[in-house]
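These are the residues of each chain, in order.
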Amino acid sequence: MAQVPLKKKKRRAPSPPAEPPAPGRFPAVVLCLVEKRMGASRRAFLTALARAKGFRVDGAYSAAVTHLVSERNSGDEVARWLAQQRGERGPGGDPDPGPALLDLSWFTESMSAGQPVAIEPRHRLRVTGPAAQHGWHVAPYACQRRTPLAHSNQALTEALETLAEEAGFSGSEGRSLAFTRAASVLKALPRRLGALEELGPLPGLGEHSRRVIQDVLEDGVSAEVQRVKLSERYRTMKLFTKIFGVGVRTADRWYQEGLRTLAELQERRTKLTRQQQAGLRHYDDLNTPVGRGEAETISRAVQEAVWRFLPGAAVTLAGGFRRGKLHGHDVDLLITHPEDGREAGLLSLLVSWLDSQGVILYQHSQENSYEGPEPPRGEGVLDQFERCFCIFCLAAPGGPAAGRGWKAVRVDLVVAPISQFPFALLGWTGSRHFERELRRFAKHERKMVLNSHALYDTRRSLFLPAASEEEIFQHLGLEYVPPTERNA
Ligand code: UTP
Ligand code: MN
């Protein structure tokens, strides 16, 4: 029942809330109780108590509130809650100083006194950062935020992402994720960070990340990051994992075996997979960024080839390019047809034809292993789409490969039936962190399982079909985030 007045009233209601109609015995004091940890029934009880003593207690926060009282919440939690109520986006968003943030002790003392007692420092909640006071509101999950491609904290995010990468190289997934989360939060800030204190209680910022941020803000660099970048281990792991077909485990094994250079690897060709050999052969090209123009050329060429076998089929450029990136490490193409099932068998025809045209330098395919709508085993399950991992030979009249007139480019071809297409598109647009956060949000906040094939509601034991990405966000109760704002 306590929910009802909250819903009826809008933020910053221009007129005083309906109950109680009288302004109360103490016109300078308007109370509001934060329900969070207090709970609805205790809040209702305390509200009735205060009203009986002549206090005005509003059911929802508005600009009229002078005393905000909570129980067992930290100052930062209340500040964050308040920032949400006030709908602030950044410092300077609201010149109004807002209500006093008070502990329940102020409330109980006032009730015993039968009138509002003077606010003393011990009554006030401690808020650690001006971000909270100014209301720098950053939602806890990256999929609840808008993260544009360009942001104002590049030096900071690069430092944190180097540490995330390094932690990944050591197999410390948790630590890697913590740095990635911290970087992602900074990417969503509306402006350049000037001092650590501005951050306040933002989500996803641990001690270690804060220390790195502090160093970069003070010295322009982090000594720890510099050390990592220069270390033999990091440099070798980076060199090896940039080979197509080489993951952290393989790179680590080679490092343990004492290998340090690509030349040393080349000497043991027989011990490399066919994929790794291709990766090594085209190492320089594959580590030269693919331009948007190149990606669009490849996308058009694939579209034309697809139409030879299945008119009406559509090719969509996904991945970073769909998020607005001008460069990428590969080209991610999704193929579908407006009639479910018509896409079956297309990929092998397509790849054979491209091969006959001399377009394919390397390819290996994965069959469709999706078993249809059965409750998914988990959101971590890899894509089961029919898929081809390719290296294309792209005519390159300019650029670094100009001398020979062609350039090797990594292309992923993924075939999705139209009924799964919105999920595939959402899953293949990224960023990787945005996807991870969507799935984490679905699991923890909605008890749903999301992957690139489907969305499953475990509470109702049913699949939630969707005809567009927008519908998937709707099912999840999330505000729609367009691709260009998914650069988390
Ligand atoms: P990419 O690794 O290609 O990333 O995966 P990107 O964002 O396009 O970055 P660059 O520009 O190429 O470096 C694109 C998306 O496809 C999903 C990932 O989650 C990512 O969001 N993906 C990739 C899969 O779902 N499965 C895969 O096997 C690979
Ligand atoms: Mn990509």
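Residue positions within a chain follow its written sequence, with the count starting from 1. Lettering for chains starts from A, numbering for ligands starts from 1, and both go in the order in which the items are written. Owing to the predicted nature of the model, reporting of local features is limited to residues with pLDDT of at least 70; listing and counting of side-chain atom pairs is limited to 80 or more, with chain, interface and lining totals taken over all residues. As a rule here, side-chain values come from all non-hydrogen atoms in the structure, and water together with hydrogens is ignored.

## Topic: the pairing of strand β11 (residues 406-415)
Rule in force here: Burial classes follow relative accessibility: with a 1.4 Å probe on protein chains only, a residue under 20% of its type's maximum area counts as buried, one over 50% as exposed, and anything between as partly exposed. To qualify as a helix, a DSSP run of H or I must reach at least 4 residues; to qualify as a strand, a run of E must reach at least 2; elements of each kind are numbered from the N terminus. Strands are treated as partners if at least two bridges between them are detected by DSSP.
Burial of β11 is extensive: nine of the ten residues sit out of reach of the surface. Direction of pairing for strand β8 (residues 331-336) relative to β11: parallel, over a ladder of five bridges. Following the sheet pairing, Asp332 is matched in β11 by Asp412. Pairing between strand β10 (residues 386-395) and β11: ten bridges, direction antiparallel. Bridged to Glu386 within β11 is Val415.

## So, the site of ligand 1
So the rule is basically this: Put simply, a residue is near a molecule or strand once any heavy atom of it comes within 4 Å of that molecule or strand. Identification of polar contacts relies on pairs of N or O atoms within 3.5 Å, with a donor-acceptor requirement for protein atoms, meaning one able to donate a hydrogen and the other able to accept it, and with residues adjacent in sequence counted only if both atoms are side-chain atoms. Using the Shrake-Rupley algorithm and a 1.4 Å probe, accessible areas are obtained, with residue cover drawn only from the displayed protein chains. Asp, Glu, Lys and Arg are counted as charged, while Ala, Val, Leu, Ile, Met, Phe, Trp, Tyr, Cys and Pro are counted as nonpolar; the rest, among them Gly, fall into the polar class.
In the vicinity of ligand 1 lie 16 residues, with Gly320, Lys325, His329, Asp330 and Arg387 positioned nearest. Between an oxygen atom of ligand 1 and a main-chain N or O atom of Gly430, the distance comes to 3.3 Å. In isolation ligand 1 offers 580 Å² of accessible surface; the protein chains occlude 82% of this area. When grouped by side-chain class, the residues that make up the shell around ligand 1 number one nonpolar, seven polar and eight charged.

## Focus on the confidence of the model for the chain
Defined as follows: The predictor attaches a confidence to each residue, and that confidence, scored 0 to 100, is pLDDT. The contact definition used throughout considers only heavy atoms, calling two residues in contact when any of these lie within 4.5 Å.
Mean pLDDT for the chain: 89, with 88% of residues reaching 70 or above. Every residue in residues 1-18 scores below 50 in pLDDT, and together they form 27 contacts with partners more than four places removed in sequence or on other chains. A low-confidence stretch, residues 89-95 (pLDDT under 50), is modelled with 13 contacts involving residues beyond four sequence positions or located in other chains.

## A word on the sheet that holds β10
Keep this limit in mind: Here the axes come from fitting lines to C-alpha atoms, over the contacting stretch only for helices, and the angles between their N-to-C directions go from 0 to 180 degrees.
Here we have five strands laid out as an open sheet, ordered β6-β8-β11-β10-β9, and mixed in their pairing. Edge positions in the open sheet fall to β6 (314-317) and β9 (360-366), since each of these has one partner strand only. Each neighbouring strand pair of the sheet contributes to a mean axis angle of 25°, computed without reference to strand direction. Packed on one face of the sheet, helix α15 (residues 292-309) meets β6, β8, β10 and β11 and runs near 165° to β6. Across the face of the sheet, helix α17 (residues 346-356) comes into contact with β8, β9, β10 and β11 while running at roughly 20° to β10.

## Digging into unusual backbone geometry
A cis amide bond, omega -5°, links Gly430 with the succeeding residue Ser431. Secondary-structure assignment places Ser431 in the loop between α18 (421-429) and α19 (432-446).

## Brief notes about the packing of α18 against α19
Any two packed helices are characterised by how steeply their axes cross, that is the angle between the axes, and by the distance between the axes. Rules: Oblique is the label for every angle not falling under 35 degrees (roughly parallel), over 145 degrees (roughly antiparallel), or within 65 to 115 degrees (roughly perpendicular).
Running from N to C, α18 and α19 cross one another at 125°; their axes reach a closest spacing of 7 Å. Taken together, the axes of α18 and α19 are oblique relative to one another. Contact residues: Leu426, Gly427 and Thr429 in α18; Glu435, Leu438 and Arg439 in α19. In terms of residue class, the contact of α18 with α19 is built from two nonpolar, two polar and two charged.

## Concerning the pattern of salt bridges
Rules: Criterion for a salt bridge: a side-chain nitrogen of Lys or Arg within 4 Å of a carboxyl oxygen of Asp or Glu.
Across all of its chains, the model carries 23 salt bridges by this definition. For Arg292, the salt bridge goes to Glu296, with nearest N and O atoms at 3.3 Å. Note that Arg292 and Glu296 are positioned in helix α15 at a spacing of four residues, about one turn of the helix. Arg292 gets classed as partly exposed once you look at its relative accessible area, which sits at 24%. With a relative accessible area of 32%, Glu296 lands in the partly exposed category. Across the salt bridge formed by Arg387 and Asp412, the nearest N and O atoms sit 3.3 Å from each other. In this pair, Arg387 sits in strand β10 while Asp412 sits in strand β11, placing the two residues 25 residues apart along the sequence.

## Regarding the nonpolar core
The cut-off we apply is this: To form a nonpolar core, buried Ala, Val, Leu, Ile, Met, Phe, Trp, Tyr and Cys residues must be joined to one another through side-chain atoms within 4.5 Å.
Counting residues in hydrophobic clusters, the biggest one holds 37 residues, and the most contacted among them are Leu199, Ile213, Ile243 and Leu265. Listing elements by their share of this core, those giving two or more residues are α6 (154-169), α7 (173-187), α8 (207-219), α9 (223-230), α10 (232-241), α11 (248-256) and α12 (262-266). No other element matches the six residues that α6 contributes to this core. Discounting residues that sit within four places of it in the chain, Ile243 has contacts with Trp254, Leu262, Leu265, Gln276, Gly279, Leu280 and Tyr283. Membership of the second largest hydrophobic core comes to 29 residues, among which are Val302, Ile335, Val351 and Val409.

## Details of the packing of aromatic side chains
This is how the line gets drawn: Two rings belonging to Phe, Tyr or Trp (six-membered ring only in the last case) form a pair when the distance between their centres is within 6.5 Å. Interplanar angles under 30 degrees mark stacking, angles over 60 mark edge-to-face geometry, and anything in between is tilted. We call a charge positioned over a ring when the NZ of a Lys or the CZ of an Arg lies within 6 Å of the ring centre and within 35 degrees of the ring normal.
Per the stated rule, a full pass over the model turns up seven aromatic pairs. Ring centres 5.5 Å apart and planes at 85° place the aromatic pair Phe240 and Trp254 in the edge-to-face group. Of this pair, Phe240 sits in helix α10 while Trp254 sits in helix α11; the two residues are 14 residues apart in sequence, bridging distant segments of the chain. In this structure, Phe240 and Trp254 share a single accessibility class: buried. Ring centres 5.6 Å apart and planes at 85° place the aromatic pair Phe244 and Tyr362 in the edge-to-face group. Of this pair, Phe244 sits in the loop between α10 and α11 while Tyr362 sits in strand β9, and the two are 118 residues apart along the sequence. In terms of burial, Phe244 and Tyr362 fall into one category: buried. Seen from the ring of Tyr255, Arg260 lies directly overhead, with NZ or CZ sitting 3.8 Å from the centre.

## Notes on the pairing of β10
Summarising burial for β10: seven of the ten residues are buried, a large majority. As judged from the six bridges shared by β9 and β10, these two strands associate in the antiparallel manner. Each residue of the ladder has a partner; that of Tyr362, found in β10, is Ile391.

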